[in-house]
Amino acid sequence: MNRKLKFLIKQSLEKKTHSKWFKVANILIAICLIGIMNIDRIITLFGGDFEEKREVIVIDDVGIYDLFYTNFSVIAESLGEMKNFSVQRSTDSLENIIKELNKEDEKIIITMNQDNINYINSEIISYDPIDTITTQLIQTVLNQVKSSIVLETSGLTQDEIASLTSPVDITKTVTNKDAENAESKDMLSAGLILVFIVPFFFLITMLTQMIGAEINDEKSTRGMEIIISNVSPKTHFISKIYSSTLFVVIQGLLLLLYTVLAYIVRAFISASGVLSVSGDVANSVSEIFEMIKSTGVLELLLKGLPFILILFIVSFLAYAILAGVLASMTTSIEDYQQLQTPLMIILLVGYYIAIMASSFDGALFVKIVSYIPLLSFLVAPVIYMLGQTTLIELGISALICIVFTIVFFRYGLRIYKVGILNYSSSKLWKKIFKSARQK
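It should be emphasised that the depicted structure is a prediction, and the values quoted were computed from it without experimental measurement.

Quick notes on the rules
Residues numbered from 1 in each chain as written. Predicted model: local features only at pLDDT ≥ 70, side-chain atom pairs only at ≥ 80, totals over all residues. Heavy atoms only, no water. Phe/Tyr/Trp six-rings, centres within 6.5 Å; stacked < 30°, edge-to-face > 60°. Helix = DSSP H or I, 4+ residues; strand = E, 2+ residues; numbered from the N terminus. Buried < 20%, exposed > 50% of the residue type's maximum accessible area, 1.4 Å probe, protein only. Salt bridge = Lys/Arg side-chain N within 4 Å of Asp/Glu carboxyl O. Expected span 1.5 Å × (residues − 1). Contact = heavy atoms within 4.5 Å. Patch = residues over 30% accessible without salt bridge, like charges linked within 9 Å, V, L, I, M, F, W, Y side chains within 5 Å. Areas by Shrake-Rupley, 256 points an atom, 1.4 Å probe, with all protein chains shown as cover.

S.K.: So what exactly am I meant to see when it comes to the packing of aromatic side chains here?
M.R.: Tallied over the full model, the rule gives 15 aromatic pairs. Ring geometry for phenylalanine 201 against tyrosine 351: centres 5.0 Å apart, planes inclined by 40 degrees, an arrangement best described as tilted. Taken together, the positions of phenylalanine 201 in helix H8 (residues 182-220) and tyrosine 351 in helix H13 (residues 333-356) put the pair 150 residues apart, joining distant regions of the chain. Neither residue differs from the other here; phenylalanine 201 and tyrosine 351 are each classed as buried. In this structure an aromatic cluster arises from ring pairing among Phe200, Phe312, Phe316, Tyr319 and Phe377.

S.K.: When you look at the pattern of salt bridges in this model, what are you seeing that I'm missing?
M.R.: Should the charged atoms of two oppositely charged side chains come close, the side chains can pair. Per the stated rule, a full pass over the model turns up 4 salt bridges. For aspartate 131, the salt bridge identified is with arginine 54, shortest N-O distance 3.6 Å. Taken together, the residues aspartate 131 in the loop between strand E4 (119-126) and helix H6 (132-152) and arginine 54 in strand E1 (residues 54-60) connect sequence positions 77 residues apart. On the basis of relative accessible area, aspartate 131 is assigned to the partly exposed category, the value being 36%.

S.K.: When you look at helix H4 (residues 65-78) in this model, what are you seeing that I'm missing?
M.R.: What sets the pattern is the α-helix's 3.6 residues per turn: residues three or four places apart point alike. Here H4 contains 14 residues, and its C-alpha end-to-end distance of 20 Å stays within 8% of the 20 Å for a straight helix at 1.5 Å per residue. Taken together, the buried positions of H4 are occupied by Tyr65, Phe68, Asn71, Phe72, Ser73, Ile75 and Ala76. In the core, the buried residues of H4 are packed alongside E1, strand E2 (85-89), strand E3 (108-115) and H6. Phi for glycine 80, located one or two positions after H4, is positive at around 75 degrees.

S.K.: Is there a simple way to explain a nonpolar patch on the surface in this structure?
M.R.: Residues Val249, Leu253, Leu256, Leu257, Val260, Leu261, Ile264 and Phe268 make up a contiguous nonpolar surface patch of about 690 Å² in total accessible area. Locating leucine 253 in the fold gives a position in helix H10 (residues 233-267). On the basis of relative accessibility, which here comes to 54%, the residue leucine 253 falls in the exposed class.

As structure tokens, then:
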């Protein structure tokens, strides 16, 4: 049995990995991943410039340019926007500057004129409409400039003006020590959700599609009868489960490799689009690592990693068993896709609950879902890393998943034995339940 099982697993893996679609698909995936993670560098190579500053030209007829520039710098810096602007004063006529306006450089012209009633009035001129954030930034700066002029002409001393215009000193105090780094922890957890959940959701979908297609192909070509005459249905079933699970694990490792390659490519391409060794990526990775470490998420991840890996691998097996059972009872890929719909709904339910878990901190419903097999591998690791459950509870989720998979295999094999040689799609569910009751 072991010799035949190894042969079937090897043959199935070779059939999947040596096919043209696998090679072409992985080449495309690698190109897309590297391209997406280096999209700014690629645009730069073709003439784009993410670091180009938007020019703000000030025409000052009041003599307050220095005050405007100071306020603009302070406010824009506080919003993290100063790096996007270049502010300068112009003595050229307004007409000449307007003539030079074009879509490419996106210049903004700000005029400041004397006003006997409102102290100053201003006009903002641009080729295209200005976005809301930039408009609000300029309005805030101009209002601040006006307030400063009013204070200076009010007869107050410089110390009094400085006291009135200085920002309020605010000290943040959090009494809940566990929530001290809540904001950064939630942000990192959201990132970890994308890292863990999205790839595994993709791999599970691939796994179920693959098993269904392979079994239906063997049935439609009548090759199943030849195979079953030489090996037992149990051996054939196990070979499908193992080979497909191994394949998606290999595909997952390849995705990880492509991601690393994308970072390496980024490390050797400077922001200007020229090949060079850049330390930006290394510094960014180091900063992210230190941030994860400071929030305690890394420590939680390392402690729970064995249980998380068990959950993922056993869930792969469970979905492979389910897909194999459903595929065995169908006679065509179209029938299998109809049966696959409930399976996809289960996956989507777990996916969305995992994404929304941070919004329902401590919710009993989410904790219950984290114990349900076929959903736990999506939900349990996420709420564990969010600190909503303990390591013991994560271990219980893994244990329940293991027990479920063993029992599910036992009853699924009964259905599989009957289904693989079944070529009739009539009374499908009746046959499934009848097969599950047989010993």
